[in-house]
Amino acid sequence: MRAQPANRISKKGLKVWRLYGWIQTIILALVAIGGGVLVYIFDWPRWIYPLEAVVLLLFAYFIIILFPKVRWMRWRYEVRESEIELQHGLFIVKRTLIPMVRVQHVDTSQGPILRKYGLAEISISTAATVHTIPALIMGEADELRGRISVLARVAEDDV
Amino acid sequence: MSEQQQRYKLHWITAIIEMLKTLKEAILPLVVLIFANGWKGGGTGLWYVDYLSFIIFGVLIISLFVSGIIKWKRFEYWFEDDELRIESGLFVKKKRYIPFDRIQSLDYTEGIFHRPFGLVKVKVETAGSSSAKQAEGELTAVTKEAAKRVEIEMAEAKKRQKEMPVVAEGEATNLIAEIPVEEESAHRKIFTMTTKDLLVLATTSGGVGVILSGAAIFLSQFGELLPFEWMFEEISAFIRFGVLIVAIAVFLGLLGVWILSVGMTLLSHYNFTIELDKEDIVITRGLLEKKKVTVPLKRIQSVVVVENPFRKLFGYATIAIHSAGGSVGQSSKINLFPIVKRGKVEAYLEEIFPDLHVEEPTKKLTVKGRPFYYRIDFVWMLPVIGALTYFFFPYGLFSLAIIPVIIAYGMWQHRSAAYDIAGNQLTMRFRTFSLQTAYMMKKRIQSMEMKQSYFHRRKGVASVIANIKSGMGVYHATVQHMDVEEAEKILLWYEKSKSVRE
């Protein structure tokens, strides 16, 4: 059995995903409230109310509690001298191998939510594909970006 | 070095080609305009109202003609500082300098307007073409000598650059003497499509599907405009004539579409030839519009042998290549051999790619992964069958027949899948409907993935995906549901990139 990559992403990433989950839940809740109003106005069957509530609660449980946790547990990465290895996935576990020689450039980026938590995501581009590590401590991300670009520069480019 | 160079112009036919090109793009609004305005017929007494659409049409033609002439007049190109420089535009002057060493290939097209004057259209392709649609530089119509001149200038510039470091080392004399001898490139003819091959290609071409779907889209667009109620009555009368006539009408329609597609393939692939230059593959084809495409060998990312079951019946296969950089417009997959006898595939591949191991992949999958090939289909199949059975009770049960078909198809895919590792090369074979065998060098694989779902893990299987650069996009070669130990072996082979590389 192949060993898992060594590093986890920041524990704060879990918080950010939970926050995203909350935002999605709130949007769904608004839709549900809209639906409730329609039920009231048009006098549709009353059992739609509890149905909406159950769906909303289940959605909230999955998207705020369960999915971020599983995803966070799964997310691992490792940057070695000659390759980068990633592992992620919710239902389907995906393991990706990117040789250093194939790396074209590395970006870090940060949205407002990530900035609030002092996080950044890092994107590794090859000639054909882009791979993203979603939540790293800012300093760590910058350091990693520097390291990858140095390692990638050592190898010659022959696309 | 920057002495004033001679500037060249395009041939005057450019003006007409440009005009027709713009006209072609504007044809749909024009047709709408004429239909909306033109055929009313009734005289309002004012001639310019009656003939409004014709007047607009005429003005448009004239203005397009003038703009074509301006485009041609203002277009200049010249060679300077090892660059191809293009200047164009009336109000906004556009200057484009393309360094010769960035040019990947020159593609030639001879359209019907080019043929009588012995002209060609030259498309300059560079590695990082910004958009797939527009070539970086395009000389719409130049004489063949002028096209040759571009080639010569380019070869000289590349030679100069090669010399540079050599001169510094002080061994200039004997090397410079050698180079002109090398310069005459030796074209070697690899393959010419015979008439019989061409006919098989045309008759089995997938173009039928394209045209059919085109017709379907067209119909769906105009579906709302058609008077359905009226048509319904007509059709019910039609049906009284008997199902036979309807069937014949449909058949004739399909036949017409098919003949059209055969004709188009015949025209576009007439006299298909592959030549091997020093480091390029040169493909020439076409009857009315002659096309010449150059693919640099070192830009080729992978070779894929595609075996369509229908063509296999006749003993034919297709060889496609994926190349980096958009040297053929949008599609980065080039059908190198659109059709070739299956038995000769290996010989041809060996001739063009001497480094390639063209043996068939021998490692097959074990039975462990087999159920995964059809199991996922039950997810959508069961509800569909259930619904059909419920709504059309007795006849809906016939939909059960789809289950053995799906299972057989899945088992067929499982049986076809194979892979092999030979030195620095990975061979993957998988079936969508056609059987694809992808030959990939390790240094051309951009990244690799191993995928495992929960059920995969329980059974100890995994899918492996190799990502290959193809133009601006990605080509995924994949072997699904293989033993996890084998999948890990492939990843391990890929991982050791450092120690084994060249």
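What you are looking at is a predicted structure, and each value in this text was computed from that prediction instead of being measured. (Residues numbered from 1 in each chain as written. Chains lettered and ligands numbered in written order. Predicted model: local features only at pLDDT ≥ 70, side-chain atom pairs only at ≥ 80, totals over all residues.)

Right, let's talk about the overall build of chain B for a bit. Looking only at helices and strands, one finds 19 helices and 20 strands in chain B. When burial is assessed residue by residue, chain B has 26% of its 502 residues classed as buried. A separation of at least 24 residues holds for 57% of the contacts in chain B among residues at least 6 apart in sequence. (Helix = DSSP H or I, 4+ residues; strand = E, 2+ residues; numbered from the N terminus. Buried ≥ 20, exposed ≤ 12 C-beta atoms within 10 Å, placed from the backbone. Contact = placed C-beta atoms within 7 Å.)

If you tally the helices and strands in chain A, you get 4 helices and 7 strands. The helix and strand sequence of chain A, counted from the amino end, reads β-α-α-β-β-β-β-α-β-β-α. Over its C-alpha atoms chain A spans a radius of gyration of 21 Å, topping by over 25% the 15 Å that the globule rule assigns to 159 residues. With the C-alpha coordinates aligned to their principal axes, the bounding extent of chain A is approximately 70 × 35 × 30 Å. The buried share among the 159 residues of chain A stands at 25%. In chain A, 54% of the contacts between residues at least 6 apart in sequence involve partners at least 24 apart. (Rg over C-alpha atoms; globule rule 2.2 N^0.38 Å.)

Further remarks concern the pairing of strand β2 (residues 76-79) of chain A. All names here are of chain A. Burial along β2 is one-sided: the face carrying Y77 and V79 is buried and the face carrying R76 and E78 is not. The sheet contact formed by strand β1 (residues 7-8) and β2 spans 2 bridges and is antiparallel. The residue bridging N7 from the neighbouring strand is Y77, located in β2. By the bridge criterion, 4 bridges tie β2 to strand β3 (residues 83-88) in an arrangement that is antiparallel. (Pairing = 2+ DSSP bridges.)

With that out of the way, let us pick up the sheet that holds β3(A). Strand order in the open sheet formed by 7 strands is β1(A)-β2(A)-β3(A)-β4(A)-β18(B)-β19(B)-β20(B), and the pairing between neighbours is antiparallel. Two strands bound the open sheet, and with one partner strand each, they are β1 of chain A together with β20 (473-483) of chain B. The strands that helix α18 (residues 484-495) of chain B touches are β3 and β4 (92-99) of chain A together with β18 (445-453), β19 (461-470) and β20 of chain B; relative to β20(B), the one it contacts most, it runs at about 140°. (Axes fitted to C-alpha atoms, helices over the stretch in contact; angles between N-to-C directions.)

With that settled, consider unusual backbone geometry. Residue and element names in this part refer to chain B. A positive phi is found at N271, a non-glycine position, where the angle reads about 60°. Position of N271 among the secondary structure elements: in the loop between α10 (243-269) and β8 (273-276). Located in the positive-phi region is H481, a residue other than glycine, with phi close to 55°. For H481, the location among the structural elements is in strand β20. Taking the number of C-beta atoms within 10 Å as the measure of exposure, H481 has 26 and is therefore buried.

Moving on, we come to the interface of chain A and chain B. Contact residues are listed per partner, giving 20 residues for chain A and 21 residues for chain B. Of the residues that constitute the side of chain A that touches chain B, the class distribution is 10 nonpolar, 4 polar and 6 charged. Sheet topology note: the β4(A)/β18(B) ladder contains 6 bridges and is antiparallel. Among the inter-strand pairings, A:T96 is bridged to a residue of β18(B), identified as B:E449. (Nonpolar A, V, L, I, M, F, W, Y, C, P; charged D, E, K, R; others polar.)

A word on the packing of helix α1 (residues 11-42) of chain A against helix α2 (residues 48-74) of chain A. Residues and elements named next belong to chain A. Between α1 and α2, the shortest axis-to-axis distance is 9 Å and the interhelical angle comes to 170°. Considered as vectors, α1 and α2 are oriented roughly antiparallel to each other. Tallied by class, residues from the contact of α1 with α2 come to 16 nonpolar, 6 polar and 4 charged. (Parallel < 35°, antiparallel > 145°, perpendicular 65-115°, else oblique.)

In this section: the domain arrangement of chain B. Residues and elements named next belong to chain B. What the domain assignment reports for chain B is domain 1 (13-183), domain 2 (195-269), domain 3 (295-365 + 417-500) and domain 4 (372-411). At the junction of the two partners, domain 2 supplies 5 residues and domain 3 supplies 6 residues. Top contributing element to the side of domain 2 that touches domain 3 by residue count: helix α7 (residues 195-203), with 3 residues. Grouping the constituent residues of the side of domain 2 that touches domain 3 by class yields 2 nonpolar, 2 polar and 1 charged. (Domains from an automatic or database assignment.)

Before going further, it helps to spend a moment on the sheet that holds strand β6 (residues 119-126) of chain A. Residues and elements named next belong to chain A. The 3 strands lie next to each other as β5-β6-β7, forming an open sheet whose pairing is antiparallel. With one partner strand each, in any of the chains shown, β5 (103-109) and β7 (130-137) form the two edges of the open sheet. Strand-to-strand twist across the sheet, computed as the mean angle between neighbouring axes with direction ignored, equals 20°. Strand direction decides the pairing type here: β5 and β6, joined by 6 bridges, are antiparallel. For H105, the partnering residue across the bridge sits in β6 and is S125. Relative to the sheet, helix α4 (residues 138-154) contacts β5, β6 and β7, its axis offset from that of β5 by approximately 170°.

All names here are of chain A. The domain boundaries assigned to chain A delineate domain 1 (7-72) and domain 2 (76-154). Centre-to-centre, using C-alpha coordinates, domain 1 lies 30 Å away from domain 2. Listed as interface residues are 12 residues of domain 1 and, on the opposing side, 13 residues of domain 2. The set of elements that each furnish at least two residues to the side of domain 1 that touches domain 2 consists of β1, α1 and α2. Ranked by the residues each element gives to the side of domain 1 that touches domain 2, the list is headed by α1, at 5 residues. The residue inventory of the side of domain 1 that touches domain 2, partitioned by class, reads 5 nonpolar, 3 polar and 4 charged.

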